Amino acid sequence: MAIRHSHTGHPSALNQALELRALLELALLPWMAPLLAQAPRGDGHPVLLLPGFMGSEATLIGLQIFLRSRGYAVQTWGLGRNVGFRALHATALEQKIRHLAHRSGQKVSLVGWSLGGVFALYGAHQA
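### Side note on the side chain of Asn82
Part 1: Within the secondary structure, Asn82 sits in the loop between strand S2 (73-76) and helix H4 (87-104).
Part 2: Residue classification places Asn82 among the buried positions, given a relative accessible area of 0%.
Part 3: Within the structure, the side chain of Asn82 is placed 2.8 Å from the backbone oxygen of Pro51, a separation counted as a polar contact.
Part 4: Reaching out from Asn82, the side chain makes a polar contact with the backbone nitrogen of Gly84 at a distance of 3.1 Å.
Part 5: With sequence-adjacent residues up to four places away left out, Asn82 is seen in contact with Pro51, Gly52, Phe53, Met54, Gly55, Trp77, Leu115, Gly116 and Phe119.

### Considering unusual backbone geometry
Part 1: In this structure, Met54 is a non-glycine residue whose phi angle is positive, near 65°.
Part 2: With respect to the helices and strands, Met54 occurs in the loop between strand S1 (46-50) and helix H3 (61-69).
Part 3: We note that Ser114 has phi near 55°; this positive angle belongs to a residue other than glycine.
Part 4: We classify Ser114 as exposed; its relative accessible area is 54%.

### Observations concerning the pattern of salt bridges
Part 1: Considering all chains together, one arrives at one salt bridge under this definition.
Part 2: Across the pair Arg98 and Glu94 runs a salt bridge whose closest N-O atoms are separated by 3.1 Å. Here the residue Arg98 and the residue Glu94 both occupy positions in helix H4, the gap between them amounting to four residues, near one helical turn.
Part 3: A relative accessible area of 43% places Arg98 in the partly exposed class.
Part 4: Looking at Glu94, the relative accessible area reads 22%, which means it is partly exposed.

### Description of the pairing of S1
As a general feature of sheets, a regular strand has side chains that alternate between the two faces.
Part 1: Taking burial as the measure, the five residues of S1 include five buried ones, the bulk of the element.
Part 2: Of the two faces of S1, the one carrying Pro46, Leu48 and Leu50 and the one carrying Val47 and Leu49 are both buried.
Part 3: Sheet topology note: the S1/S2 ladder contains four bridges and is parallel. Following the sheet pairing, Val47 is matched in S2 by Val74.

### Some words on the confidence of the model for the protein
Part 1: Residues at a pLDDT of 70 or more form 93% of the protein, whose mean pLDDT is 86.
Part 2: Looking across the protein, the model is least confident in helix H1 (residues 13-18), with a mean pLDDT of 74, and most confident in S1, with 96.

### Considering the packing of aromatic side chains
Part 1: Within this structure, the stated rule accounts for three aromatic pairs.
Part 2: Pairwise contacts between aromatic rings join Trp77, Phe85, Phe119 and Tyr122 into one cluster.

### Things to note about the sheet that holds S2
Part 1: On the basis of which strands lie adjacent, the open sheet formed by three strands has the order S2-S1-S3 and parallel pairing. Of all strands in the sheet, those with a lone pairing partner are S2 and strand S3 (109-112), marking the two edges. Strand-to-strand twist across the sheet, computed as the mean angle between neighbouring axes with direction ignored, equals 25°.

### A few points about the layout of surface pockets
Part 1: A volume near 420 Å³ is recorded for the largest pocket.
Part 2: Taken together, Ala22, Glu25, Leu26, Leu29, Thr59, Leu60, Ile61, Gly62, Leu63, Val111, Gly112 and Trp113 make up the lining of the largest pocket.
Part 3: Mapped by element, the contributors of at least two residues to the lining of the largest pocket are helix H2 (21-37), H3 and S3.
Part 4: Ranked by the residues each element gives to the lining of the largest pocket, the list is headed by H2, at four residues.
Part 5: Each residue belonging to the lining of the largest pocket can be placed in one class, and the counts come to eight nonpolar, three polar and one charged.
Part 6: Taken together, Leu29, Ala33, Leu36, Ala37, Gly62, Ile65, Phe66 and Ser69 make up the full set of residues lining the second largest pocket.
Part 7: Secondary-structure elements contributing two or more residues to the lining of the second largest pocket are H2 and H3.

Parameters at a glance
- Residues numbered from 1 in each chain as written.
- Predicted model: local features only at pLDDT ≥ 70, side-chain atom pairs only at ≥ 80, totals over all residues.
- Heavy atoms only, no water.
- Helix = DSSP H or I, 4+ residues; strand = E, 2+ residues; numbered from the N terminus.
- Buried < 20%, exposed > 50% of the residue type's maximum accessible area, 1.4 Å probe, protein only.
- Polar contact = N/O pair within 3.5 Å; in protein donor to acceptor, adjacent residues only side chain to side chain.
- Contact = heavy atoms within 4.5 Å.
- Salt bridge = Lys/Arg side-chain N within 4 Å of Asp/Glu carboxyl O.
- Pairing = 2+ DSSP bridges.
- pLDDT = per-residue confidence, 0-100.
- Phe/Tyr/Trp six-rings, centres within 6.5 Å; stacked < 30°, edge-to-face > 60°.
- Axes fitted to C-alpha atoms, helices over the stretch in contact; angles between N-to-C directions.
- 1 Å grid on protein atoms, 1.4 Å probe; cavity = no way out; pocket = protein on both sides within 12 Å on 5 of 7 lines; lining within 4 Å.
- Points joined across faces, edges and corners; volume = space filled by probe spheres on them.
- Nonpolar A, V, L, I, M, F, W, Y, C, P; charged D, E, K, R; others polar.

Rendered as structure tokens:
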């Protein structure tokens, strides 16, 4: 059975323009530092970060630094650039989640950006 998508072609100009908000958010980050510094401290449990499509661990550096400053034991997925679903990634992700949980004796929080969020849901379900 073929899957039909209701949308074909390029995104609308408005949707394309909304992507520019990432530059605004990046520019505002230094101004938000005092507010972010007031965020409550974590309990030290492991947090696994998963990059979005075509993103690498480098795209998560800001979040990684912030979560570590709040006391979490942050890890990235360690699989390089997220080039989409691969069976190797699925297996490795499940093993990493189980390893982190076993080593820490705690539940692992999964934080995924975009397609990384889909991987996070998959990994949580499998593990």
